[in-house]
Structure formats: C-alpha cells, structure tokens
Amino acid sequence: MLVLALAYTGAYLLLAALPGDAVIARYASPDLGLTDAQIQAIREALGADQPLIVQYMKSIAGFLSGDFGYSVASGAAVSDLIATALPATLLLAVLGLALAVVLAVTIAFTATYGRGTWLRRLFRGIPPVFVSLPVFWIGIILIQIFSFRLGLVPVIGASPAQALILPVITLSIPIAAPLAQVLMRSIDEVREQPFVTVVRARGAGTSWLLWRNVARNALLPTLTMAGLLFGELVGGAVVTETVFARPGIGQLTAQAVANRDTPVLLAVVVISTVAFVTINLVVDLLYPVLDPRLRTPRTGRDKSRDSGGDKKTVRADPIGAPA
C-alpha cells in the first residue's frame, strides 16, 4: 500500500509540474476556434481550475471507490479504456516473460555446461549484446528481416497468432539478457560449493548434477530478478505496441502522454504498480516452496537438541545436497 501511494503521488506531482494540461492540449488548438472564455468554461466543468491539493484529494477518493474518471481526450470512461486494452497487453507480457525465461535458461546452461570452450565463450557474450539493444531497434530489424525480406510473418492481414510472434520476441530479448547474467553468476557460485564436489565424487553425471543440485540452488536469485524485471515489461510494451501498432496498455499510454491525458496515465500507473507489487509478493511467497531451508525457523538453526543423550546441531544443507 505504501509503494502504491508513493507511486501514485509521485506520478500525480510530476504530471502537474509539466507546463499546460490536457484541456489546453485538446481545446487550445487554433483549428477549433474556441475563445479563452470557452476554454476557461471547459476547465471549470472538468474541475481543472481548482487548487492542486483539491484535485489530488478528489482523484484519490475516486480511485479508492473504483472510479478512474473520464479521459479528457476522448471523453470515455478510463475503466472502459483499461478493460479494453489490458487483455492484449497481459497476453503479450506473459508470452514475452515466458520466452525470456526460456532464452535465459538456454543461454546460461550452454554458457556454463556447453561442449567446447568456444561455445561457452560465445554464449557468455550474448547477454551483454542483448541488454544493449534498444527495444524499438529490435522491433524494426525483426520487421525488416522476417516480414519484408523473408516474408515469413505478414505485416498486413496477419492472424492473431502471427501478429504476436515478432512483438513477443522483441519484448523478450531485453528481459532475457539480465536474467541470463544473474543465472550464469549463480551457477558459477553454486558450482564452487563443497557439496557439488561431494555429489560429483559419488558418481553423479553432469545432467544429474545440473538439474538436481546446481540449478535448484541457483534458481532463487534468478527468480528475484524475474520479479523485478516484470516492471520493465510495461515500459517495453509501450515501445513494442507502438512499433507494431498493437492495441493495448502500451499504445494507450503513448496516446495519453501525447494528449496529456492525466486520468488515463494515473490509471496506468496504478495498474502497473499493483502488478509489480503483486508479482514481487508472489516471488517472496515462492521462496519457501523452492528452498526447504527457508521453512526452518531461524531460532532452530543454531540451537542444539537432545536425542538419546547426544546433542546434534540442526544444520541447513543446500537443496539436493547429500546428507
């Protein structure tokens, strides 16, 4: 709740600090021919002439009651605009995150366990390249290659599935890069742990060691990074949906920024913040599920217990480590 309140307040103050407002952006055009008195009347009707603190408190009260207000640019209810645009963006974000995870796991495992030194070095160099590529540039290049040159994905008349291919790839590449970097670093650290040497000495093969021991212990930092990067999916969706002309939250945000449509922008901020906080809460709740060590009370790790007269120390071993 604190994060949500701070994000909303910060966005409101930043938008209010910009010169002009949505009324001026829409009605002050010379093409409309409205007089200053008519524009002032519109401002009074919309409440834009009231003090900032009054507008802020009314906005807060509306959001708490589920009323996002009305778009200044189109006059439509903001809740209707969000409900129409949100499903397309959620589908794009979920598929983009899923593909990013697949790419990150493939890159990290190949970079650490690939056959040949040249192959491992090649895959270790991929994340820095991916993370430096702008999202809009990736989208334009993919359109040029796969649509215009090869003709594999049509630009006009594409089916819903075809229309998702290039945007999902565009959105996943910048997300996969930091995930792969964190996973590679975690794998390298886990491989140096003594329990890995013990498991290998007991005859465990590479596949067993990777999937049953190394990967499970290296997963938690990557899971944390995945939760943090979910916030970038919204920012990436703005550019991706604009490049590919896809309807969604991203395109709605771009239009609201161009029109200074404050109610729409504030609603997008609230939805993005709720999604970000919820994802990170889910990640925190998944920690004890993935790591049994976190289910043990902290006070029980350092205490000793009596069993038949002998004192045994309660010790937390790595996941999958031999007892």
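The rules behind these values
Residues numbered from 1 in each chain as written. Predicted model: local features only at pLDDT ≥ 70, side-chain atom pairs only at ≥ 80, totals over all residues. Heavy atoms only, no water. Helix = DSSP H or I, 4+ residues; strand = E, 2+ residues; numbered from the N terminus. Buried < 20%, exposed > 50% of the residue type's maximum accessible area, 1.4 Å probe, protein only. Contact = heavy atoms within 4.5 Å. Areas by Shrake-Rupley, 256 points an atom, 1.4 Å probe, with all protein chains shown as cover. Core = buried A, V, L, I, M, F, W, Y, C linked by side-chain atoms within 4.5 Å. Axes fitted to C-alpha atoms, helices over the stretch in contact; angles between N-to-C directions. Parallel < 35°, antiparallel > 145°, perpendicular 65-115°, else oblique. Left-handed = near helix turned anticlockwise from the far one by under 90°. Nonpolar A, V, L, I, M, F, W, Y, C, P; charged D, E, K, R; others polar. pLDDT = per-residue confidence, 0-100. Expected span 1.5 Å × (residues − 1).

Draft legend 1. Highlighting the overall build of the protein. A count of helices and strands for the protein gives 13 helices and two strands. Per-residue burial over the protein gives 35% buried out of 323 residues. Within the protein, counting contacts between residues at least 6 apart in sequence, those at least 24 apart form 70% of the total. For the protein, the exposed surface amounts to about 18500 Å²; the carbon and sulfur share of it is 65%.

Draft legend 2. Summary view of the environment of Leu219. One can find Leu219 in helix H11 (residues 206-243). For Leu219, a relative accessible area of 35% translates into the label partly exposed. Expressed as a C-alpha distance, the spacing of Leu219 and Ile187, which sit 32 residues apart in the sequence, is 8.7 Å.

Draft legend 3. Quick look at unusual backbone geometry. Within the chain, Ala245 stands out as a residue other than glycine whose phi angle is a positive 55°. Topologically, Ala245 is positioned in the loop between H11 and helix H12 (249-259).

Draft legend 4. Layout of the nonpolar core. Counting 28 residues, the largest nonpolar core has Ile175, Leu179, Leu183, Ile187 and Leu233 as the members making the most contacts within it. Looking at this core, the elements that each hand over two or more residues are helix H5 (78-113), helix H6 (117-124), helix H9 (160-191) and H11. Beyond its immediate sequence surroundings of up to four residues, Leu233 is in contact with Ala93, Leu97, Leu171 and Ile175. Membership of the second largest hydrophobic core comes to 19 residues, among which are Phe68, Ile82, Leu266 and Val270.

Draft legend 5. The arrangement of the packing of helix H8 (residues 135-149) against H9 in detail. H9 packs onto H8 with a crossing angle of 140° between their chain directions and a minimal axis gap of 9 Å. By the criterion of interaxial angle, the relationship of H8 to H9 is oblique. Relative to H9, H8 is oriented so that their crossing is right-handed. Each of Val135, Ile138, Gly139, Leu142, Ile143, Phe146 and Ser147 in H8 lies in contact with H9, whose residues at this interface are Leu166, Ile169, Thr170, Ile173 and Pro174. Split into classes, the residues belonging to the contact of H8 with H9 amount to nine nonpolar, three polar and no charged.

Draft legend 6. How the structure looks around the packing of H5 against H6. Running from N to C, H5 and H6 cross one another at 145°; their axes reach a closest spacing of 7 Å. The crossing of H5 and H6 is left-handed. On H6, the residues that touch Ile107, Thr110, Ala111, Thr112 and Tyr113 of H5 are Leu119, Arg120, Phe123 and Arg124. Partitioning the contact of H5 with H6 into residue classes produces five nonpolar, two polar and two charged.

Draft legend 7. Here's a closer look at the confidence of the model for the protein. Confidence in the prediction of the protein, expressed as mean pLDDT, is 76, and 76% of residues score 70 or more. Of all helices and strands in the protein, the one with the weakest mean pLDDT is strand E2 (residues 310-313) (44), whereas H8 scores best (87). Low pLDDT (under 50) marks residues 303-316, which in the prediction has 15 contacts with non-local residues, meaning those over four places away or in another chain.

Draft legend 8. Inspection of H8 at higher detail. With 15 residues, H8 should cover 21 Å at 1.5 Å per step; its first-to-last C-alpha distance of 20 Å lies within 8% of that length. Within the sequence span of H8, burial applies to Ile138, Gly139, Leu142, Ile143 and Ser147. Just beyond H8, the residue with positive phi is Gly151, at close to 70°.

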